[in-house]
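# Examining the three-dimensional arrangement
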Amino acid sequence: MRILTLASGSSGNASIVQSGSTCILVDAGISARRITKHLSELGIAPASLSGVLITHEHLDHVCGLGVLAKKHPLCVYCSRYTAQDLKSAAPAARYTYIEPGSPITIGDITVTPFGVSHDALDPLGYLFEHEGRRLGYITDTGCITREILLRARDLHALYLESNYDPTMLRESGRPLSLIERIDNAFGHLSNEQAGEFVRTIAHPGLRHVLLGHLSRECNTPEKARSDMAAVLSEFPEPPQLTVCPAADRTDWVEV
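Cut-offs used in this document
Residues numbered from 1 in each chain as written. Predicted model: local features only at pLDDT ≥ 70, side-chain atom pairs only at ≥ 80, totals over all residues. Heavy atoms only, no water. Helix = DSSP H or I, 4+ residues; strand = E, 2+ residues; numbered from the N terminus. Rg over C-alpha atoms; globule rule 2.2 N^0.38 Å. Contact = heavy atoms within 4.5 Å. Areas by Shrake-Rupley, 256 points an atom, 1.4 Å probe, with all protein chains shown as cover. Lys, Arg positive; Asp, Glu negative; His and termini not counted. Charge placed at Lys NZ, Arg CZ, Asp CG, Glu CD. Buried < 20%, exposed > 50% of the residue type's maximum accessible area, 1.4 Å probe, protein only. Pairing = 2+ DSSP bridges. Arc of directions from axis to C-beta. Axes fitted to C-alpha atoms, helices over the stretch in contact; angles between N-to-C directions. Parallel < 35°, antiparallel > 145°, perpendicular 65-115°, else oblique. Left-handed = near helix turned anticlockwise from the far one by under 90°. Nonpolar A, V, L, I, M, F, W, Y, C, P; charged D, E, K, R; others polar. Salt bridge = Lys/Arg side-chain N within 4 Å of Asp/Glu carboxyl O. Phe/Tyr/Trp six-rings, centres within 6.5 Å; stacked < 30°, edge-to-face > 60°. Lys NZ or Arg CZ within 6 Å of the ring centre and 35° of its normal.

Now for the overall build of the protein chain. Of the regular secondary structure elements, the protein chain holds 9 helices and 14 strands. What you see for the protein chain is a C-alpha radius of gyration of 17 Å, in line with the 18 Å of a compact globule of 255 residues. In the protein chain, once contacts between residues fewer than 6 apart in sequence are set aside, the share between residues at least 24 apart is 64%. Accessible surface computed for the protein chain: about 10,700 Å², of which carbon and sulfur atoms make up 51%. Separation of charge centres in the protein chain, based on 23 positive and 29 negative side chains, amounts to 6 Å.

Quick look at the structure:
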C-alpha cells in the first residue's frame, strides 16, 4: 500500500491511496482537469479508480467532484449527510453511504471511517489497512478526539494536517472571527497540536509522517517541517517526514 498527495493546502486537497489494482482518490478539492492530468502522469485512468472517499463537503475538498463524476462513472463514499449536500453539485456520482466505525472494503483495502472535529456536516478521517499495514488519514480537525486516538494506534504511516502556526495566525491581519474559527476545537490543527499528537502515538513501527493542509498565510513548509522535526528527533529511529506541497504532488510513500 502506498500514498501520494496531488495537492494539499487551504486552496485544494486530493490524494491517492493505492495497493495493487486498487486505487482510491481521497477528496477532489482541485479541478477535474488537474486531477485527470495528475492521474495520467501516474499512468492511472480516471475510470479505473476503485472509488472516491470524501472527508467533508467544503469546497477545498470537493470542488472538482462534479465534473469528474460527470465524465467518469465513479463511486463516491461519504456520510449520508455529506452526500445530501454534494448531490446538487455532483448529481452524476454514485453515492455509497458510510458510517463512522463501520469498516468497508474497497478492492483489497479495508477502510474504516471515523469522526473528526470540524465545522462541517459530518467530517471523517480514514484508516486504511492492507496486509497488516495501517495508514491513517486525518485532515481538518480542530482537536484530537478519543476516537482519533483510538484509530491512530499502531500506524505505519500517517497523513496529518498541520495547518497553522499560532503566532502567524494571530499576526495575520485576518478578521478576529476567522482567527477564532481556525483556532478552536472545530477548526484546524496547529503545528504544535500536530506535533503533540505524533508524540502521543509514535512507536517504532511508525515509519512515515506526511504533513498536509498547510495554510498559505499562516504557516510555511519550513516552519511546519522544523516544528515536527523537533518532535521526531526525540525518537531513536524517527519516521521519515514529508511536507506535502499545496500545488504539486508528492512522490509515492510506501506504507
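Having seen the model, we can carry on.
In this section: the pairing of strand β10 (residues 133-138). By the criterion of burial, β10 is predominantly enclosed, with 5 of the 6 residues buried. Where strand β9 (residues 124-130) lies against β10, 5 bridges are found, and the strand directions are antiparallel. If you follow Phe 128 over to β10, its bridge partner there is Leu 135. Taking the residues that link successive antiparallel strands as the turn, the β9-β10 hairpin has 2 residues, and the phi of Glu 131 there is positive, at about 50°.

On to the sheet that holds strand β2 (residues 12-19), then. Either a parallel or an antiparallel arrangement is found when strands of a sheet pair, and the pairing is made through backbone hydrogen bonds. The strand order β6-β5-β4-β3-β2-β1-β14 describes an open sheet built from 7 strands, whose pairing is mixed. Two strands in the sheet have a free side with no partner beyond their single neighbour: β6 (94-97) and β14 (253-254).

Here we come to helix α8 (residues 191-201). Turning to α8, its buried residues number three or more, namely Asn 191, Ala 194, Gly 195, Phe 197, Val 198 and Ile 201. Buried residues of α8, viewed axially, fall in a sector of 160°; they line one side. In this structure, the buried side of α8 is in contact with β10, α5 (146-151), β11 (157-161), β12 (208-212) and α9 (221-232).

Right, let's talk about the sheet that holds strand β13 (residues 240-243) for a bit. Pairing in this open sheet of 7 strands is mixed, and the strands run β7-β8-β9-β10-β11-β12-β13 from one edge to the other. Each end of this open sheet is capped by a strand with a single partner; those strands are β7 (104-106) and β13. For this sheet, the mean angle separating the axes of adjacent strands, direction not counted, is 20°. In this structure, β7 lies alongside strand β8 (residues 109-115), joined through 3 bridges in antiparallel fashion. Within the sheet, the bridge partner assigned to Ile 106 lies in β8 and is Ile 109. Contacts from α8 reach β10, β11 and β12 within the one sheet, and its direction differs from that of β11 by about 155°.

One way to put it is that α8 packs onto α9 with a least axis distance of 9 Å and a crossing angle of 25°. What the angle tells us is that α8 and α9 run roughly parallel. Between α8 and α9 lies a crossing of right-handed hand. Contacts from Asn 191, Ala 194, Gly 195, Val 198 and Arg 199 of α8 reach α9 at Lys 223, Ala 224, Asp 227, Met 228, Val 231 and Leu 232. Here the contact of α8 with α9 is composed, by residue class, of 6 nonpolar, 2 polar and 3 charged.

This next bit is on the pattern of salt bridges. Tallied over the full model, the rule gives 9 salt bridges. Of the charged contacts in the structure, one is a salt bridge between Glu 41 and Arg 249, with a shortest N-O distance of 2.5 Å. Of the two residues, Glu 41 sits in helix α1 (residues 32-41) while Arg 249 sits in the loop between β13 and β14, which places them 208 residues apart along the sequence. Among the residues examined, Glu 41 registers a relative accessible area of 42% and is labelled partly exposed. Look at Arg 249 and you get partly exposed, because its relative accessible area is 26%. When the shortest N-O distance is used, the salt bridge between Asp 119 and Arg 181 registers 2.7 Å. Of this pair, Asp 119 sits in the loop between β8 and β9 while Arg 181 is found in helix α7 (residues 176-182), placing the two residues 62 residues apart along the sequence. A relative accessible area of 32% means that Asp 119 is categorised as partly exposed.

Right, let's get into the packing of aromatic side chains. Enumeration over the complete set of coordinates arrives at 2 aromatic pairs. A ring pair is formed by Tyr 137 and Tyr 159, whose centres lie 4.3 Å apart and whose planes are at 15°; its orientation type is stacked. Of this pair, Tyr 137 sits in strand β10 while Tyr 159 sits in strand β11; the two residues are 22 residues apart in sequence, bridging distant segments of the chain. Positioned above the aromatic ring of Trp 252 is the side chain of Arg 2, whose terminal nitrogen or guanidinium carbon lies 3.9 Å from the ring centre.

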